[in-house]
Amino acid sequence: MNHRSVRSDMGLIVKTTARATIPLIGIFGAYIVSHGHLTPGGGFQGGATIAGAGVLFLIAFGLEEAKKRYDHHAYSALESLGGLVFLGIAMLGLSVAFFYNMLWRKGIAFAGKPGTLLSAGYLPIMNLAVGLKVFAGLISAMMAISMYRRWKE
Amino acid sequence: MNVLPFLIIVPLMGAFSMPLSSLLGEKARSAWAVLVSALTLAVASKVFYDVWSTKQLLVYTLGDTTPLGKGVGFPIRILWEVDLFGALLALIVAFVAFMAIIYSLEYMKHDTGLEKYYTLITVLELGMLGIVITGDLFNFYVFLEIMSIASYALVAFRNDTWEGIEAGIKYMFVGSLASSFILLGIALLYGQYGTLTMSYLAVKIGQNPTFVGKAALGFFIGGLLFKSGAVPVHMWLADAHPAAPSSISAMLSGLVIKVGGIYALTRIAFSIYGTSINIKTVGWIIILFGCATLIVGNAMAVIQTDMKRLFAFSSVGQIGYILLGIGIGLAAYGTKVGDIALAGAVYHIVNHALMKALLFLVAGAVLHQIGTKNLNELSGLAKRMPFTSFAFLIGAAAIIGLPPLNGFASKWLIYESSALFNPFLAAVAVIGTAFCTAAYIRVLFTFFGRPSEVVDNAEEPGKAMMLPMLVLIVAIILMGLFPWQINDKIMLPTVDMLKDQLHYVAAVIGGA
């Protein structure tokens, strides 16, 4: 039997660095999501970047610490919400066609000058929805992989 | 109001909200899954009825009212284009998926993680529905991947044994390879012709059939034969279909290999390429693969001892018949023989979906009640589970092609046309059926033989598992009673629309 105590978290230096960088990664991810219709990137890339902050948290602080902050049902609901918002926005223009950009064509919302943040109609909302879904899904997948692994140390 | 988008919206919404509904409890989730699939079936029936009664292509543009770009004469948007073939398959997909979901209510009751199961099965249905309605090559690829990835996950759903995981990983590797072939084909076509809309590609290829375009067809045929489990590349199917939960096996064998393989192949061959290439050669290539498939698949089925594996090999064999029919339809394009063969192939797709779904549901009932699918241990099952054995009898008789059941008419059309086209092919087809008969007679003897100890305490499954089997039996018998009426009213118009490439193009471009 191996009685070596398994520490799942990392040392002080890593933790301190992680504390400083996790918010920055999150902000950068949020930037990618919200500028999805203007710059390269979008919902998926931004969501994955934000989930990267979660990965860093898991590695730096360990699985025990991550488990305390992870609620499976909440993330599951968030992921569903992301998908449903995307679908709902796509259905907004159903009177004309599925995926019809009603917000932009009719100038209801997000109808600013092209190239500005509040433009492109449903695209920013869809990017937010996709970002939410990807973030929640990747975090859930990562937690599942680290919690239910079959091999032992 | 056009109901076509709801064919995607309903299952998509169902899949996204499945985890939310399971927060309300198990009952709510089951009810939601059944409701969503029932609604999808209703929408699919409506779409089928619309297309069938008007005999008009249904064209739906995503995001705008017309597929054409502003001031240009060619389509720039993603569009869905449904002909009778697509609508028919959408109906069958929705029907079998509905049956599989009802069946799962009881069959999967003892498993965990069921919200994922129902989400995935709805996504699988969604992917297949998307494939049959799309008119855009890349949209097709996206739906193909949705379908494939859901089925990889579902094959490995029961991860308490290594069988499922191994089969899932194998399926994923082979499936990804096949998908990359198809993607490469799409990329070649896009690079060469600069469009992804199927009908506009048909125009472009007709004007200038280049070598790259033909190479793309080669990639499509390769990748789609992989996906449909044709013979040199059928090894994944024999692992993946038995390892999945039986309700999923029913969908994989009954639907996925046809929608993701045969349908796509037919659509690409007829609607995109059509007569702008040497259609006879393409037809013969598919005929050769079909012959190999129906001999090897049925022959391999004879020697299996695992019931579900036997059914999986039998699916390979039946795919052979369908490929043979489609191959003759291509090689004898424009003649009466080709029409008969194609009608037989389309008919057999529908029939085989019903019978193979029934057979896998039977296998699932046996596995659920007795805990084994090894045929050597199941002797004498008929005494304890008469209904299940009767269901098997019907399914087996239908798949062999006995007259009062639905398999007869479709197989007859395929035999007839192959005999008219080339008697050698008919001989091959009959030899395949001989093997198929041998395989199923073996199972039948096992079921009606002397009872063994294993089956002594067996009982019939509950209502939720019997009901789908009963509905499928009724469907098989009903379709068997009116074979030629169905052929004249549904299959021949389907073939006419499928062959009418000009109409397929004109419906989008509108004579511009």
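Heads up: these notes are all about the structure in this document. (Residues numbered from 1 in each chain as written. Chains lettered and ligands numbered in written order. Predicted model: local features only at pLDDT ≥ 70, side-chain atom pairs only at ≥ 80, totals over all residues. Heavy atoms only, no water.)

**Some points on the overall build of chain A**
Secondary structure assignment for chain A yields 5 helices and 0 strands. Along chain A, helices and strands appear, N-terminal first, in the series α-α-α-α-α. Relative to its length of 153 residues, chain A is extended, with a C-alpha radius of gyration of 19 Å against a globular reference of 15 Å. By its C-alpha atoms, chain A is 70 × 30 × 20 Å across when sized along the principal axes. Taking all 153 residues of chain A together, the buried fraction comes to 38%. Taken as two groups, the 14 positive and 6 negative side-chain charges of chain A have centres that lie 8 Å from each other. (Helix = DSSP H or I, 4+ residues; strand = E, 2+ residues; numbered from the N terminus. Rg over C-alpha atoms; globule rule 2.2 N^0.38 Å. Buried < 20%, exposed > 50% of the residue type's maximum accessible area, 1.4 Å probe, protein only. Lys, Arg positive; Asp, Glu negative; His and termini not counted. Charge placed at Lys NZ, Arg CZ, Asp CG, Glu CD.)

**A word on the packing of aromatic side chains**
Inspection of every chain in the model, using the stated rule, returns 28 aromatic pairs over all chains. Judged by centre distance (6.4 Å) and plane angle (45°), the rings of B:Tyr49 and B:Trp52 are tilted. Of this pair, B:Tyr49 and B:Trp52 both sit in helix α2 (residues 26–54), 3 residues apart, which is roughly one turn of the helix. The partly exposed category is assigned to B:Tyr49, whose relative accessible area is 49%. Aromatic side chains B:Phe408 and B:Trp412 sit 6.0 Å apart centroid to centroid with 35° between the ring planes, which places their arrangement in the tilted category. Taken together, the residues B:Phe408 and B:Trp412, both in helix α16 (residues 406–421) and 4 residues apart, mark about one turn of the helix. The structure contains a cluster of three or more aromatic residues connected by ring pairs, namely A:Phe86, A:Phe98, A:Phe99, B:Tyr60 and B:Trp80. (Phe/Tyr/Trp six-rings, centres within 6.5 Å; stacked < 30°, edge-to-face > 60°.)

**Considering the interface of chain A and chain B**
If you look at the interface, chain A gives 18 residues, while chain B gives 24 residues. Together, the buried faces of chain A and chain B total about 1,700 Å²; carbon and sulfur atoms form 70% of this surface. Between the two partners, chain A and chain B, sit 0 salt bridges. The interface formed by chain A and chain B holds 2 residue pairs in polar contact (both at pLDDT 80 or more) in total. By residue number, the principal contributor to the side of chain A that touches chain B is helix α3 (residues 72–91) of chain A, which donates 9 residues. Among the residues forming the side of chain A that touches chain B, the class breakdown is 10 nonpolar, 5 polar and 3 charged. (Contact = heavy atoms within 4.5 Å. Buried area = accessible area lost by both parts, 1.4 Å probe. Salt bridge = Lys/Arg side-chain N within 4 Å of Asp/Glu carboxyl O. Polar contact = N/O pair within 3.5 Å; in protein donor to acceptor, adjacent residues only side chain to side chain. Nonpolar A, V, L, I, M, F, W, Y, C, P; charged D, E, K, R; others polar.)

**Quick look at the environment of B:Leu265**
All names here are of chain B. You can see Leu-265 is positioned in helix α10 (residues 246–273). Overall, the relative accessible area of 5% leaves Leu-265 in the buried class. The sequence separation of Leu-265 and Lys-46 amounts to 219 residues, and the corresponding C-alpha distance is 25 Å. Excluding anything up to four places from it in sequence, Leu-265 contacts Ile-221, Leu-224, Leu-225, Ile-286 and Leu-323.

**A word on the side chain of B:Ser314**
Residue position: B:Ser314 is located in helix α12 (residues 307–331). Here B:Ser314 is in contact with B:Gly297, B:Asn298, B:Ala301, B:Lys356, B:Ile399 and B:Tyr440, once residues within four sequence places are set aside.

**Some thoughts on α3(A)**
In an α-helix, one full turn covers 3.6 residues, which means residues spaced three or four apart are oriented alike. In this model α3(A) runs 29 Å from its N-terminal to its C-terminal C-alpha over 20 residues, within 8% of the 28 Å that 1.5 Å per residue would give. Every buried residue of α3(A) is accounted for by A:Tyr75, A:Ser76, A:Ser80, A:Gly82, A:Gly83, A:Leu87, A:Ile89 and A:Ala90. Summarising the contacts, the buried residues of α3(A) are in contact with α5 (122–147) of chain A together with α1 (6–23) of chain B. The residue sitting at the N-terminus of α3(A) and contributing the capping side-chain oxygen is A:Asp71; that oxygen lies 3.2 Å from the backbone nitrogen of A:His73. (Expected span 1.5 Å × (residues − 1).)

**Some thoughts on the environment of B:Ala97**
Residue and element names in this part refer to chain B. For Ala-97, the position within the fold is in helix α3 (residues 84–107). Put simply, Ala-97 and Ala-357 are 260 residues apart on the chain and 9.5 Å apart in space, counted from C-alpha to C-alpha. Among residues more than four places away in sequence, those in contact with Ala-97 are Glu-125, Met-251 and Leu-255.

**With respect to α3(B)**
Residues and elements named next belong to chain B. Between its terminal C-alpha atoms α3 stretches 34 Å, which fits the 34 Å expected from 24 residues at 1.5 Å a residue. With respect to burial, α3 is a largely interior element, 23 of its 24 residues being buried. With a side-chain oxygen lying 3.2 Å from the backbone nitrogen of Phe-85, the N-terminal cap of α3 falls on Asp-83.

**Quick notes on the side chain of A:Ser140**
Residue and element names in this part refer to chain A. With respect to the secondary-structure elements, Ser-140 resides in helix α5. Look at Ser-140 and you get buried, because its relative accessible area is 13%. Leaving out residues up to four positions away in the same chain, Ser-140 has contacts with Tyr-70 and Tyr-75.

**A short note on the packing of α10(B) against helix α13 (residues 336–370) of chain B**
All names here are of chain B. Running from amino to carboxyl end, α10 crosses α13 at an angle of 165°, the nearest separation of the two axes being 6 Å. Taken together, α10 and α13 sit at an angle that is classed as roughly antiparallel. Here α10 runs over α13; the crossing is right-handed. The segment α10 lies against α13, with Ser-246, Ser-247, Ser-249, Ala-250, Ser-253, Gly-254, Leu-255, Lys-258, Ile-262 and Phe-270 engaging Leu-342, Ile-349, His-352, Ala-353, Lys-356, Ala-357, Phe-360, Leu-361, Ala-363, Gly-364 and Leu-367. (Axes fitted to C-alpha atoms, helices over the stretch in contact; angles between N-to-C directions. Parallel < 35°, antiparallel > 145°, perpendicular 65-115°, else oblique. Left-handed = near helix turned anticlockwise from the far one by under 90°.)

**Describing the packing of α10(B) against α12(B)**
Packed helices, taken two at a time, are described by the angle their axes make and the gap between the axes. Residues and elements named next belong to chain B. Direction vectors running N to C along α10 and α12 enclose 15°, while the axes themselves pass 11 Å from each other. One way to sum up the angle between α10 and α12 is to call them roughly parallel. Where α10 crosses over α12, the two elements pack in a sense that is right-handed. Note on element contacts: α12 touches α10 through Lys-308, Ser-315, Ile-319, Ile-322, Leu-323, Ile-326, Gly-329 and Leu-330, opposite Ser-246, Ser-249, Ser-253, Ile-257, Lys-258, Ile-262, Leu-265, Thr-266, Ala-269 and Phe-270. Along the lines of polarity and charge, the residues of the contact of α10 with α12 split into 10 nonpolar, 6 polar and 2 charged.

**Topic: unusual backbone geometry**
All names here are of chain A. Phi at Phe-99 is positive, roughly 70°, even though this residue is not glycine. Topologically, Phe-99 is positioned in the loop between α3 and α4 (102–105). Of note in the backbone geometry, Ala-120 takes a positive phi value of approximately 75° without being a glycine. Along the polypeptide, Ala-120 turns up in the loop between α4 and α5.

**Some words on the nonpolar core**
Counting 197 residues, the largest nonpolar core has B:Leu137, B:Phe220, B:Tyr273, B:Phe392 and B:Tyr440 as the members making the most contacts within it. Broken down by element, the residue count for this core peaks at 22 residues, all from α13(B). In this structure, B:Leu137 is in contact with B:Ile186, B:Leu189, B:Leu196, B:Met198, B:Leu201, B:Phe220 and B:Ile272, ignoring residues within four places of it in sequence. If you look at the next biggest cluster of nonpolar residues, it comprises 17 residues, including A:Ala18, A:Tyr75, A:Phe135 and A:Met142. (Core = buried A, V, L, I, M, F, W, Y, C linked by side-chain atoms within 4.5 Å.)

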